[in-house]
Amino acid sequence: MDNHMEKHALIRLKERALKVRGHILGMAARGGCFVGSALSCTDLVVFLYSRFLNIAKDNLNDPGRDYLFLSKGHAVPVLYGTFAELGFIHPGRLKNHLSTDDSVYWHPNRDIPGIEFHSGSLGHMLAVASGVALECKMKKQDNRIVVIVGDGELNEGSVWEALLIASAYRLDNLVIVVDRNRLQANAGTEDLIPLEPLIPKLQAFGMSVKSIDGHDFQDMEDVFSNIPFEADRPGVVIAHTIRGKGLPEIEDRVDKWFCKYSDEEAGRLIKALKSSNERLLEAI
Amino acid sequence: MNYEELLKEIVLSDERFVVMTAENRSAIRNIPECLGERFIDVGIAEQSMIGIAAGLALRGRIPVVHALSAFLTMRAFEFIRTDIGIAGLPIKLVGAFPGFLSEANGPTHQAIEDIALMRGIPSMNVFCPSDEEDMLIGLETILKSPRPSYIRFNDLESSVKHDNVFHTGRAEILSEGEDITILTYGTLFREANRAMRLLEAEGKSVGLINLRTLKPIDEETIINAAMQTSLLVTVEDHFLAGGLFSILGEMFLRHNVTCRVLPFGLDERWFRPAMLQDILECEGLTGEKIADKILKESEKYAEYIKV
């Protein structure tokens, strides 16, 4: 591959993802959170902030920065954890999870540096991100705007409405990442309202579509380094993921969307995470 | 000058403004050619228009969005409430053909709960001009306000010369009276004005107040009217629930004010689709019919006091 990642870079990403997963479990032990969803896109979020997006602690208000919108807002612990690692927020803030004294709750809000907009109601962020993308085009700036949508979220009609518009306005500065874990809140996506064949659907709406393994950093590097995939077309990256990734006992389990753990359980799970990560690192 | 001309002037004077529509160009036909990229038509997609407007506003723009009132305030309600309301973004919502102005379109197009919906959103201002002149007097202030705002579009020909000083939250007092005060806004202003003249010809002392903004609302003027006159009358082309009548009820409870109120509006039903003048006749909302009913009510009250 053209963009073969150095071993050290790969190790750094894996270590950062491990720390973020640890933070997510910490929040699951402080009142619970949407663990399955957050773990599903942890590798993606860590990759995007570490290797792709021009977003850093010192440019969070710079109009030239890139943008990331988490449309599947309930996965927000992954952002809190990532932002703690990147220094956007003090890691101590994570201990305030669900406290009325802070704003570290179950959906994103702009009291947290790094959160561009509140989300939680599904099917909103693609339109909001399209507005940002359109404005960047009007200013002839080359910011990139990434939206992470859940696959279950694709049930919402507003997503498809916004795709039509993004395509009409040729927003090739927009990248839609579909966290394709094939599970929605209570059911498999294909058992409820089947999305497949998804690629041709998105292509028919004017998108330029690529698929990746959403837990393989090299795969992400190869695909994201080719954005925009095509001039004048918004890009879609379908990231095949596993809900609950990293915790074998909840991986791909339809009943493990929201999880609440005791301190002991969380401690045990973090230990399990670490040992599986050691095996991963050894394999590099 | 009309709405489109004034809008164009304001928008051209400030780069931050963008004009949007969900494929409703009735009031802005000549805007696209002079705004270039700052005109955005998203097609028939009200909710996405609001989301996109929020994105534009996050980057410092002030979107002025256009759609039919019914579809803007209801189809896109959750987007307005969530993307504009929670963030308090300075987006301007222009709702066309509200209330009786949907004429013969039928109940699908009747925005007669729009004020109830929009005023329920924290930080949202609600501007309900009584005619085109009134709308133009307030337009610049509303567009330049840092708050999200709903404009209940009304380009009816003016029946009076309006006070050209506009303040958000301040009513226009056309006359003051001791017997009756008519409170109104929007399309029915002309009929309310006519009712006032007819009642005056009957020897009544009648006040007429054009509220202009329903949120914030001019509490001082309304409470003064409640204290100084025997009968308050509300006249609106909106459901009684959530409109001016409701606002008065809430206000009077909060301020411990009691007074007689005779409401004209729509109580739990849609109106008969027809052309405006026929709707007014059918609904009993011409100046003559309003005046008649007020007279009867005030006589009933006079009897009641005697007893």
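Here, every reference points to the structure presented above.
Predicted model only: the values in this text are computed from it and were never measured.

Trainee: Residues and numbers for the overall build of chain A, please.
Mentor: When its secondary structure is counted, chain A shows 10 helices and 5 strands. Relative to the 2.2 N^0.38 estimate, which gives 19 Å for 284 residues, the radius of gyration of chain A is 18 Å and therefore close to what a compact globule would have. The proportion of buried residues among the 284 residues of chain A is 57%. Partitioning the contacts of chain A with sequence separation of at least 6, the portion at a separation of at least 24 is 75%. Accessible surface computed for chain A: about 11600 Å², of which carbon and sulfur atoms make up 49%.

Trainee: Which residues make up the nonpolar core, and what are the values?
Mentor: Within the largest apolar cluster, 83 residues are counted, with the highest numbers of intra-cluster contacts made by Phe69(A), Leu174(A), Leu93(B) and Leu214(B). Counting residues per element, this core draws most heavily on helix α5 (residues 125-138) of chain A, at 10 residues. Phe69(A) has contacts with Glu116(A), Phe117(A), Met125(A), Val128(A), Ala129(A), Val132(A), Ile145(A), Val146(A), Val147(A), Ile148(A) and Leu58(B), leaving out every residue within four places of it along the chain. Judged by nonpolar contacts, the second largest core, of 62 residues, contains Leu70(A), Leu79(A), Leu94(A) and Leu269(A).

Trainee: Please provide a residue-by-residue account of the packing of aromatic side chains, values included.
Mentor: Counted under the stated rule, the structure contains 14 aromatic pairs over all chains. Arranged with centres 5.3 Å apart and planes meeting at 90°, the rings of Trp106(A) and Phe258(A) form a pair that is edge-to-face. Taken together, the residues Trp106(A) in the loop between α4 (77-86) and α5 and Phe258(A) in the loop between β5 (235-240) and α10 (263-283) connect sequence positions 152 residues apart. Geometrically, the ring pair formed by Trp160(A) and Phe205(A) is edge-to-face, given 4.9 Å between the ring centres and 65° between the ring planes. Of this pair, Trp160(A) sits in helix α6 (residues 157-168) while Phe205(A) sits in the loop between α8 (198-204) and β4 (208-213), placing them 45 residues apart in sequence. Exposure remark for Phe205(A): the relative accessible area of 24% places this residue in the partly exposed category. Taken together through their ring pairs, the aromatic side chains of Phe34(A), Trp106(A), Trp257(A) and Phe258(A) make up a single cluster. Above the face of the Phe229(A) ring, Lys210(A) is positioned so that its terminal group lies 5.4 Å from the ring centre. One residue, Lys293(B), lies across the ring of Phe264(B), its end atom 5.3 Å from the ring centre.

Trainee: Break down α5(A) for me, with residues and values.
Mentor: Residue and element names in this part refer to chain A. Along its 14 residues, α5 runs 20 Å from first to last C-alpha, staying within 8% of the 20 Å computed at 1.5 Å per residue. Most of α5 sits out of view: 13 of its 14 residues are buried. Positive phi appears at Lys140, one or two residues downstream of α5, with a value of about 55°.

Trainee: Describe the side chain of His97(A), listing the residues and the values that go with them.
Mentor: Residues and elements named next belong to chain A. With respect to the helices, strands and loops of the structure, His97 is situated in the loop between α4 and α5. A polar side-chain atom of His97 sits 3.1 Å from the main-chain carbonyl oxygen of Met27. One polar contact links the side chain of His97 to the main-chain carbonyl oxygen of Arg30, over a distance of 2.9 Å. For His97, the residues in contact, after removing those within four places along its chain, are Met27, Arg30, Gly32, Cys33, Val104 and Trp106.

Trainee: Outline the sheet that holds strand β8 (residues 180-184) of chain B, listing residues and values.
Mentor: Residues and elements named next belong to chain B. Reading across from one edge, β7-β9-β8-β11-β12 is the order of the 5 strands in this open sheet, with mixed pairing throughout. This sheet does not close on itself; its edge strands, each paired only once, are β7 (172-175) and β12 (260-266). On average, adjacent strands in this sheet sit at an angle of 20° to one another, irrespective of strand direction. Across 5 bridges, the pairing between β8 and strand β11 (residues 231-239) is parallel. Bridge pairing in β11 links Leu183 to Thr234.

Trainee: So what about the pairing of strand β1 (residues 17-21) of chain B? Which residues, and what values?
Mentor: Residue and element names in this part refer to chain B. Counted residue by residue, β1 has 5 buried out of 5 residues, so it is predominantly covered. Burial along β1 is two-sided: the face carrying Phe17, Val19 and Thr21 and the face carrying Val18 and Met20 are both buried. Sheet topology note: the β1/strand β3 (residues 62-68) ladder contains 5 bridges and is parallel. From the neighbouring strand, Val19 faces β3, where its bridge partner is Val64.

Trainee: Outline the environment of Ile10(B), supporting the account with residue identities and numerical values.
Mentor: Residues and elements named next belong to chain B. Within the secondary structure, Ile10 sits in helix α1 (residues 3-12). Between the C-alpha atoms of Ile10 and Val64, which are 54 residues apart in sequence, the distance is 11 Å. In contact with Ile10, not counting residues within four places along its chain, are Phe17, Leu139, Glu140, Leu143 and Lys144.

Trainee: Lay out the pattern of salt bridges with the relevant residues and their values.
Mentor: All names here are of chain A. Under the criterion given, the structure shown has 34 salt bridges over all chains. The partner of Asp232 in a salt bridge is Arg170, and the shortest N-O contact between them spans 3.6 Å. With a gap of 62 residues between them, Asp232 in the loop between α9 (217-224) and β5 and Arg170 in the loop between α6 and β3 (174-180) connect regions that are remote in the sequence. By relative accessible area, which is 38% here, Asp232 ends up partly exposed.

Conventions we followed
Residues numbered from 1 in each chain as written. Chains lettered and ligands numbered in written order. Predicted model: local features only at pLDDT ≥ 70, side-chain atom pairs only at ≥ 80, totals over all residues. Heavy atoms only, no water. Helix = DSSP H or I, 4+ residues; strand = E, 2+ residues; numbered from the N terminus. Rg over C-alpha atoms; globule rule 2.2 N^0.38 Å. Buried < 20%, exposed > 50% of the residue type's maximum accessible area, 1.4 Å probe, protein only. Contact = heavy atoms within 4.5 Å. Areas by Shrake-Rupley, 256 points an atom, 1.4 Å probe, with all protein chains shown as cover. Core = buried A, V, L, I, M, F, W, Y, C linked by side-chain atoms within 4.5 Å. Phe/Tyr/Trp six-rings, centres within 6.5 Å; stacked < 30°, edge-to-face > 60°. Lys NZ or Arg CZ within 6 Å of the ring centre and 35° of its normal. Expected span 1.5 Å × (residues − 1). Polar contact = N/O pair within 3.5 Å; in protein donor to acceptor, adjacent residues only side chain to side chain. Pairing = 2+ DSSP bridges. Axes fitted to C-alpha atoms, helices over the stretch in contact; angles between N-to-C directions. Salt bridge = Lys/Arg side-chain N within 4 Å of Asp/Glu carboxyl O.

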